[in-house]
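Architecture and fold: a report
Listed here are the chains, written in short residue letters.
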Amino acid sequence: MKGKDKDGRIEIRLAGEGGQGMILAGVILAEAAAIYDGKNVVQTQTYGPEARGGASKAEVVISDEPIDYPEVLHADVLVALSQEACDKYASNLKKDGLLIVDIDKVKRVPLTSAVKIPITRAAIESSGKAITANVVALGVLVGLTNVVSREAIEKAILARAPKGTEEMNYRALERGFAEAAALLAVKQKA
Amino acid sequence: MTVRLMQGNEAVGWGAIAAGCRFYAGYPITPSTEIAEMLSRELPKLGGIFIQMEDEIASLAACIGASAGGLKAMTATSGPGFSLMQEHIGYAAMAEVPCVIVNVQRLGPSTGQPTSPSQGDVMQARWGTHGDHPIIVLYPTSVPEAFELTVTAFNLAEKYRTPVILLMDEVVGHMRERFEAPPLEEVQVVDRMGTNVPPEWYKPFGDTIGDVPPMPSFGSGYRYHITGLYHDPMGYPTQRLDEINPWIERVQRKISNHLDDILMYQEENTEDANMVIVAYGATARSARHAMKLARQHRHHVGLVTLYTIWPFPEDVIQRIGRMARRVIVPEMNLGQLALEVERLVGRHKVIRVNRADGEMVSPQMILDAIEGR
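To start, this report covers the structure provided alongside it. Everything numeric here is computed off the predicted structure, so don't read it as measured data. (Residues numbered from 1 in each chain as written. Chains lettered and ligands numbered in written order. Predicted model: local features only at pLDDT ≥ 70, side-chain atom pairs only at ≥ 80, totals over all residues.)

**Some points on the overall build of chain B**
To be explicit about the condition: Only DSSP runs of H or I reaching four residues or more are called helices, and only runs of E reaching two or more are called strands; each is numbered from the N terminus. Here the globule rule reads 2.2 Å times residues to the power 0.38, and the radius of gyration is calculated from C-alpha atoms. Counting other C-beta atoms within 10 Å of each residue's C-beta, where C-beta atoms are placed from the backbone, gives the exposure class: buried for 20 or more, exposed for 12 or fewer, partly exposed between. We call two residues in contact if the C-beta atoms placed from their backbones are at most 7 Å apart.
In terms of regular secondary structure, chain B is built from 13 helices and 14 strands. Computed over C-alpha atoms, the radius of gyration of chain B comes to 21 Å, within 12% of the 21 Å expected from 2.2 N^0.38 for 373 residues, which places it in the range of a compact globule. Its C-alpha atoms give chain B principal-axis dimensions of about 70 × 45 × 40 Å. Per-residue burial for chain B yields a buried fraction of 51% across its 373 residues. Long-range contacts, defined as pairs at least 24 residues apart, comprise 75% of the intrachain contacts of chain B with a sequence gap of at least 6.

What follows is the structure, encoded as structure tokens:
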């Protein structure tokens, strides 16, 4: 990611279906930036009236400067965990923006540069629960972009994890970072 | 409290607690529900009262009763519930009972779009209830301001014995931002004026210096009549013109004589501006973004952010109108506060930028207006 406008504004969009935890992922990322990295951050969301299903999206704007417009204008990063989310938001990415998709959920990927990872499968493999896909996604996102520090995202996730699920979430996060590291290693070789 | 990431709605709840609110009656509705959730958790810890009522009419009625009993009281709702509350907003204005009504607006009319932002209730907040009455309406643009203006809403309600409405955008209610609550002892809190005259001498609606009669609590030995009918200084119904007119005049005066205290706005870059944006709520943030971009392209653009929208800050808008060639009014509605701006600066000077489809007014839309596209 080339990232950062002149004013240091980074825009991240996390989108999927309701119930995949994308809004919670947005909140955790924002907490990592605001509380543990001391940045300015605005987190917003749109969701339908349904408890599950339907489209769901979280947006996080991170900046060193005060943030005026609170929503994403042109995303630096899009994480898409559903085909609908990918179809809807991929065209809004910046030219050199980063698209991360769950390859098991998103069959039609509009960008050759997209990062394709079996995010939900990795969640099940690492933690035993598909519900940690949002945490794997955060690991991939932060591992590839460093929008927040690794320490900050770890702290933010552990602070949010319900009692007894800390280790499970930690494993999911580590798996995300491992996927990112593997990708970066391949890129370096090429 | 340490630095936290906080939602706007939650900040309203903390602001209410900081201001001394110890009574909440409401009927949960998206996108305001987090306010009720938060206060249902926190108020009982402080010895306060939380009641989920059967509807919004009863909710505000309960708040008015609690306030007459001496508690600072609040309810929160959204468009459909706000429509139902209109009757009792009028009652609170007539009976001069302090209370705070939060309306986190959603796209209307009717059930509309519960999770989408709108600024569609701007005129309803002013004129939704029947009859002439003064009202104070405040409008935050961020999470920290949601806290601050909730405190201010309580302070103004107590000081002027009036209902105060906090209008908020869904975007601000649901957004999370960095927030560090000030220590409680540093929050400036105003309490209603009491009295020490003997109960038999007390006039609940009498003429007083400053036009705001003191308001002892029910149950403290002062008994008086409260009615939605026009009433005499003792609170009893009257049809006498020499009692009705002084009441009308006093109640208007208690707001209009204290505009310096009530009107809050912020001017940015207006000194050299030939174009000025007048905005409020989340739209003011789009406007500031647009202003900064426009100034990079050497457009002399200024911004006035209104934190008090009612009473309408006429003087500042009139001054802006004399100075600026164009006044741009972006709103998430089809043109409501623009009517007030047009009244003061002339229709020919005003460019309206509107959308009412549940999306924010983008900086680009405002930039297009600045560049005459």
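**As for the sheet that holds strand E2 (residues 40–47) of chain A**
Formally: Pairing between strands is defined by DSSP: at least two bridges between them are needed. Only the stretch in contact is used when a helix axis is fitted, and all axes are lines through C-alpha atoms; the angle between N-to-C directions ranges over 0 to 180 degrees.
Strand order in this open sheet of 8 strands is E6(A)-E5(A)-E4(A)-E1(A)-E3(A)-E2(A)-E8(B)-E1(B), and the pairing throughout is mixed. Both edges of this open sheet fall to strand E6 (115–117) of chain A together with strand E1 (4–7) of chain B, since each of them pairs with a single strand only. Direction aside, the axes of adjacent strands within the sheet are offset by 20 degrees on average. Pairing of strand E1 (residues 10–17) of chain A with strand E4 (residues 75–80) of chain A, which is carried by 4 bridges, proceeds in the parallel orientation. The residue of E4(A) that forms the bridge with Ile12(A) is Val77(A). Together, E1, E2 and strand E3 (55–63) of chain A together with E1 and strand E8 (176–179) of chain B form the strand contacts of helix H1 (residues 22–36) of chain A, whose direction differs from that of E3(A) by roughly 10 degrees.

**Points about the sheet that holds strand E7 (residues 163–169) of chain B**
Residue and element names in this part refer to chain B. With mixed pairing, 7 strands are arranged side by side in an open sheet as E3-E2-E4-E5-E7-E6-E12. Two strands lie at the open edges of the sheet, namely strand E3 (49–52) and strand E12 (308–310), each paired on one side alone. The sheet shows a mean angle of 25 degrees between the axes of neighbouring strands, direction not considered. Against the sheet, helix H4 (residues 79–95) engages strand E4 (72–77), strand E5 (99–105) and E7, with an angle of about 160 degrees to E5.

**A look at the packing of helix H4 (residues 133–145) of chain A against helix H6 (residues 166–189) of chain A**
Residue and element names in this part refer to chain A. Put simply, the rule is: Under this scheme an angle from 65 to 115 degrees is roughly perpendicular, one under 35 degrees roughly parallel, and one over 145 degrees roughly antiparallel; angles in between are oblique. A clockwise turn of the near helix away from the far one marks a right-handed crossing, whereas an anticlockwise turn of less than a right angle marks a left-handed crossing. Charged residues are taken to be Asp, Glu, Lys and Arg, nonpolar residues to be Ala, Val, Leu, Ile, Met, Phe, Trp, Tyr, Cys and Pro, and polar residues to be all remaining types, Gly included.
Between H4 and H6, the shortest axis-to-axis distance is 7 Å and the interhelical angle comes to 40 degrees. On the basis of their axis angle, the class for H4 and H6 is oblique. The two elements H4 and H6 meet at a crossing, and its hand is right-handed. Across from Val135, Val136, Ala137, Leu138, Gly139, Val140, Gly143 and Leu144 in H4, the residues of H6 making contact are Asn169, Ala172, Leu173, Glu174, Arg175, Gly176, Phe177, Glu179, Ala180, Ala181 and Leu183. A per-class count over the contact of H4 with H6 returns 12 nonpolar, 4 polar and 3 charged.

**Side note on the environment of Val329(B)**
With respect to the secondary-structure elements, Val329(B) resides in strand E13 (residues 326–331). In contact with Val329(B), other than residues within four places in its own chain, are Val278(B), Leu337(B), Ala338(B), Val341(B), Val350(B), Arg352(B) and Val353(B).

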